[in-house]
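# Architecture and fold: a report
Read off the chains here:
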Amino acid sequence: MDDARALPSRPRPRRRARKAQASDRRELLRDGAGAGSRAAVELERTWQDKPGVRGFLSANGHKTIGLRFVVTAFVFAGLAGVMGGLMRHQLATADSHLVGPDFYNQLFSMHGTTMMFLFAVPVMQGFALYIVPLMIGTRNTAFPRMSACAYWLYLFGGLLLFGAFATNTGPDAGWFAYVPLAGPQYGIGKRADFWNMLVTYSEAMGLMVAVDITTTILKLRAPGMTLRQMPLFVWASLVTSVMIIFAMPLVMLGANLVQFDRMLGTHFFNPAEGGDALLWQHLFWFFGHPEVYFIFIPALGFVSAIIPTFARRPMFGHDAIVLSLITTGFLSFGLWVHHMFATNLPELGKSFFTAMSFMIAIPTAMQIFCWIATIAAGRLVMRTPFLFVLGFFFILMIGGLTGIMLGSVPLDLQVHDTYFVVAHLHYVLLGGAVFPLFAALYYWFPKVTGKMLSERLGKWHFWLFFVGVNLTFFPLHVLGLEGMPRRIYTYGAETGWQTLNFVSAVGQVINDVGTLLFAINLIRTIFFTKERASADPWGAGTLEWSVASPPPKCNFFALPVVSSREPLWAPAAEVTHVQGLSAQIREGLTTTVIDALPDTRYAYPAPEIWPFVAALSVTVWLVWSIWSVPGFAWGLIPPALAFLLWYWPNKKEAIEEVEWEGEP
Amino acid sequence: MSSRCRDRALVLAVAGVAGALTAACEREARDFLPPRPGAQVAPAASAPASAAAIALAAAMVGRYEHNAYAISAGKRLFAWYNCSGCHANGGGGSGPALMDDVWIYGGDAGTVYLTIANGRPNGMPAFAGRIPEDQLWQLAAYVRSLAGLASADAAPNRDDAFLTRTPESFADPAKPETVKPAVATGRPQ
Amino acid sequence: MNGVHDVLAPAGPQALALFHLWNAMLVACVVVFALTMAVLAVALWRAPRAGERTRPDLDAHPRREATLRRSVVWGIAGSSVLLVVLLFASFFADRALSALPLADAVHIDLVGHQFWWEAHYEPNSPERTFATANELHVPVGRPVLIRLRADDVIHSLWVPSLGGKKDLIPGRESTLALRADRAGTYRGQCAEFCGYQHAKMALVVVAEPPADYERWRAAQRAPAREPATAQERRGLALVEQTSCAMCHAIHGTRARARRAPDLTHVASRGWLGAGAVENTPELRAEWIARAQKFKPGVNMPPLDAAPDDLAAMSAYLGSLR
């Protein structure tokens, strides 16, 4: 069938006449026909994960990997949350003896490290891995084996970190591990080594997923989804992924330099031999500041995806929001010294960073105003996802405004390293990331599982969490102004800090109740609810709502072609489809970067065990290198072998691919 | 896998994990309050350490050699009490080198403790009575780490200071440093 | 350690400049927050309600879009102007901080250790210099120029009622200029995580009238008082002959080590252990015996001694005013 939208024919490669092969006799099934046909059945069979343990370990479908990221991230978040609760409990009274100084140091270091490296960034990347291909109309991400490997690296890194914590070897120098405290002389034992190793894992993982998502977004969009027609969540994921590519390698470099200092006796951070303790701060915060935007920008993407659906209208100022996202991404690289205002860097230089820190408020403000405009001009559906977005507005604004205060050099000299900063960071992270995250969870839960979460429990969860977050963290602003520094395991009664700390602890209990309700909601819905959700329970406009809930294994039985920003809302629902891709191998369509014109046929890699093996071999290398200096070198042999075997060209596969490509 | 094979593997795994746990806990324990006894208060410039004290010391130093906090405390005290004044960061000077494998009186834990506690002829002061017992143990553990006789995992890494020697964690008792004193002292080294 | 430690209770020009900046920023931020929340609230109030099945509104509403666009542009313009104003306010406050006149300043060398503060007054004048720890006295109305160095890890000096903080970074030297314009006791604390007892690394700045300050200074320069009673003499003997003298200095006695706080005038200080315990006779004896009980992880080892001996040492140290 020669459909007008079929691919332009390619010149067939010249080759010798070959012997008749088994594949000649196989019937060629192509996608494009509706669900339920033989091609559809075959498509589902091609795209499903293989069964058994080997299948579990070799799965590389984006939905599988994305879901694994999100679930694992929430487990880590729960553990880190318990640590946070312990800390609040310890500080609720003066001179408390609940935990000693050494364990408390490990608690806050683990809490920060887990939340930042093992929860916040992976959960956003997990959402992107799950939602982006569905939203752009493709069947898998561009490099699924890389993302699979990234997941195993993430899991092993987290397990190793918690294993270390369980054996009294948890990092104890903060989530930022300043040298000299985490350095060779004062970082006693192996604790800081595990932190450096975890950073290496996180960086590798984040970088791999970022490269995958960037390529997916740029090359695998549905035909017709030009950059201007791309949904805002996809833009947010693109900006975040490009930022990750630039920022993450630096923290890995820095952590490795510290590791060289600790294991090999180098002097990068040794002032007596020409190094500088401040170098670490620069290297870390150059990554560290964009890091918080890796967490914040996807959340902005969530909000931009949810508001149009619940205001029943397209987003006001779509182009402005895109430009704001890109601007925020750029500017976030110019703020890092605001974490170092108390050092003896030159004052004029520091003031430059004040200006930049103030400037980044403008694109954020632009987005907020556009969202409020959309709400003002819309007709509102007051459901749980939208409530969480409203909560986001309130809490993020407070966090952002205290951020402006912290961005001023002189004012920061008073509130730096105090509970004012703790209040600020929790407001922006909880308000700016976790509230949108919960909104996204409630929003996309029916898509992922096929069931709707309880609206009533959701509202209770929202209100408890909203009150809890404010009660827990607002008093901390005042505590900071009253002189309470960060990272202290206790304080004397004469300081007068008990009352507000106690109030904060009460708020934290309220948070716990809210989270418990959320957990109950999840369990009840997953295990005890029978009612299935439709493909589009919210009446939304983007492509992921055009498939069943949960999506078929192949996502789309025929890849869509779009011509508007909200394809499902387009008048007369003119979504048309691509036909002719194979149903028997995992195939997709690449399109050009800017105008999304069809480009090539792309053979997605089949599931294989190598990503898992490679991640395991990297673990062997990293653990070995903590214990032995030659381990740095010898330990490279397992990963070298694993990657070599992974990439070893398979002649049979190559011939098959060429054959498939050559078909009309 | 046969069930016997599986059982054996399970036992090995559990043993491995338990071993890792104990080793890690030993290495990373921060015992801020040392075990008893502490320092003697009475002026005891010439109080020799008793046999019981030596035996206890040998045991404690053996434990401290696997504890990073204790060795690092010993390193701090080595600087504080000016051991480098004679032993120059392990290289020796008017005192013998501590990072080679030549021990005038013996390099085992008990003997090193005795040397620090009671002093030795030709200039080694006696520290028993002047500093608490567990600081003597910490110093002995550190001195042994200079020669590579402590656990390499627990030994400290390079100083945040001018480079004076290879880090203690690199010291290998099988490949000892050969150190000549800077000034000929006429004493057996 | 007792003392005023409140950013919002400034007692000197540095803290005052920052207090004014704080007020300005607070007002600006509250106004912006209130306005934005008000606009959001009005939008939520006025927008009609709908359901998931309501048809989305895809029509162009040129007048409404134009109004919205105008509002957003005004919002951005207003925010930008406000940010520029705040930027200038911040910049000028920063300049005010460095414009403190430093004529006739008291010079102090402060070295940060794990977990105490070592202070040397007038380090460049051998005939006026003296050492103390954890408690600084300054004359009211005279600037104090503190040179900051760190001995081991990064610390940070912060006395909220007097000014902002400055990090003490090994290998780097920084300075902090403060002035107390009101007599009083101002508490500060280490503000950069430095290890086990970062929580108990407090510092107190006592601002006194110039005459009192001179008296204090003269007393600090004097060597330690001779012990008056037999108990105090016994205490001195113990201090000199046991582990105390291995780390502490008491000028005028045989204790001359410089690894731990200078004890020459320890009784003139209100607290021991950088704010860990009050300097009373009983607590002093308990601190000597078991410092780790109050401050686990501190470098001071416990001392097994008979209660009489501890009382004697406490009495002697209590006489060192």
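## Section: the overall build of chain A
- Tallying secondary structure elements over chain A gives 21 helices and 4 strands in all.
- Along the longest, intermediate and shortest principal axes, the C-alpha atoms of chain A span 85 × 65 × 50 Å.
- Of all 664 residues assigned to chain A, the portion counted as buried reaches 61%.
- At a minimum sequence separation of 6, the contacts of chain A that also span at least 24 residues come to 80%.

## Section: the interface of chain A and chain B
- Each side of the interface is counted separately: chain A has 18 residues, and chain B has 22 residues.
- For the side of chain A that touches chain B, the residue count by class is 5 nonpolar, 8 polar and 5 charged.

## Remarks on the confidence of the model for chain A
Residues and elements named next belong to chain A.
- Taken as a whole, chain A shows an average pLDDT of 92; of its residues, 94% reach a score of 70 or greater.
- Confidence drops under a pLDDT of 50 for residues 1–6, and excluding neighbours within four residues, the segment shows 6 contacts in the predicted structure.
- Between residues 14–25, whose pLDDT stays under 50, and residues either more than four places distant or in other chains, the model counts 1 contact.

## Some thoughts on the sheet that holds strand β5 (residues 143–150) of chain C
All names here are of chain C.
- A sheet is described by the order of its strands in space; here 5 strands give the open sequence β3-β2-β1-β5-β8, paired in mixed fashion. Pairing within the sheet leaves two strands with one partner each, and these edge strands are β3 (130–133) and β8 (174–179). Adjacent strand axes in the sheet meet at a mean angle of 25°, parallel and antiparallel pairs treated alike.
- Direction of pairing for strand β1 (residues 106–113) relative to strand β2 (residues 116–121): antiparallel, over a ladder of 6 bridges. Paired with His-113 across the strands is Trp-116, a residue of β2.

## A word on the domain arrangement of chain B
All names here are of chain B.
- Per the domain assignment, the segments making up chain B are domain 1 (1–30) and domain 2 (34–170).
- Each of domain 1 and domain 2 has a C-alpha centre, and the two are 33 Å apart.
- On the side of domain 2, 6 residues touch domain 1, which itself brings 5 residues to the contact.
- The residue makeup of the side of domain 1 that touches domain 2, split by class, is 1 nonpolar, no polar and 4 charged.

## A look at the nonpolar core
- Membership of the largest hydrophobic core comes to 352 residues, with the highest contact counts inside it found for Leu-153 of chain A together with Tyr-113, Leu-136 and Ala-140 of chain B.
- Not counting residues up to four positions away in its chain, the partners in contact with Leu-136 of chain B are Ala-57, Tyr-113, Ile-116, Ala-117, Phe-127, Ala-128 and Ile-131 of chain B.

## Here we look at the sheet that holds strand β10 (residues 202–208) of chain C
All names here are of chain C.
- Across the sheet, 3 strands lie side by side as β4-β10-β9; this open sheet has mixed pairing. Strands with a single pairing partner mark the edges of an open sheet, and in this sheet they are β4 (135–139) and β9 (184–189). Sheet twist, expressed as the average angle between the axes of neighbouring strands with direction ignored, equals 25°.
- The pairing of β9 with β10 spans 6 bridges and is classified as antiparallel. Bridge pairing in β10 places Thr-185 opposite Val-206.
- Of the strands in this sheet, β4 and β10 touch helix α3 (residues 210–221), which is tilted by about 135° from β4.

About the cut-offs
Residues numbered from 1 in each chain as written. Chains lettered and ligands numbered in written order. Predicted model: local features only at pLDDT ≥ 70, side-chain atom pairs only at ≥ 80, totals over all residues. Helix = DSSP H or I, 4+ residues; strand = E, 2+ residues; numbered from the N terminus. Buried ≥ 20, exposed ≤ 12 C-beta atoms within 10 Å, placed from the backbone. Contact = placed C-beta atoms within 7 Å. Nonpolar A, V, L, I, M, F, W, Y, C, P; charged D, E, K, R; others polar. pLDDT = per-residue confidence, 0-100. Pairing = 2+ DSSP bridges. Axes fitted to C-alpha atoms, helices over the stretch in contact; angles between N-to-C directions. Domains from an automatic or database assignment. Core = buried A, V, L, I, M, F, W, Y, C linked by C-beta atoms within 7 Å.

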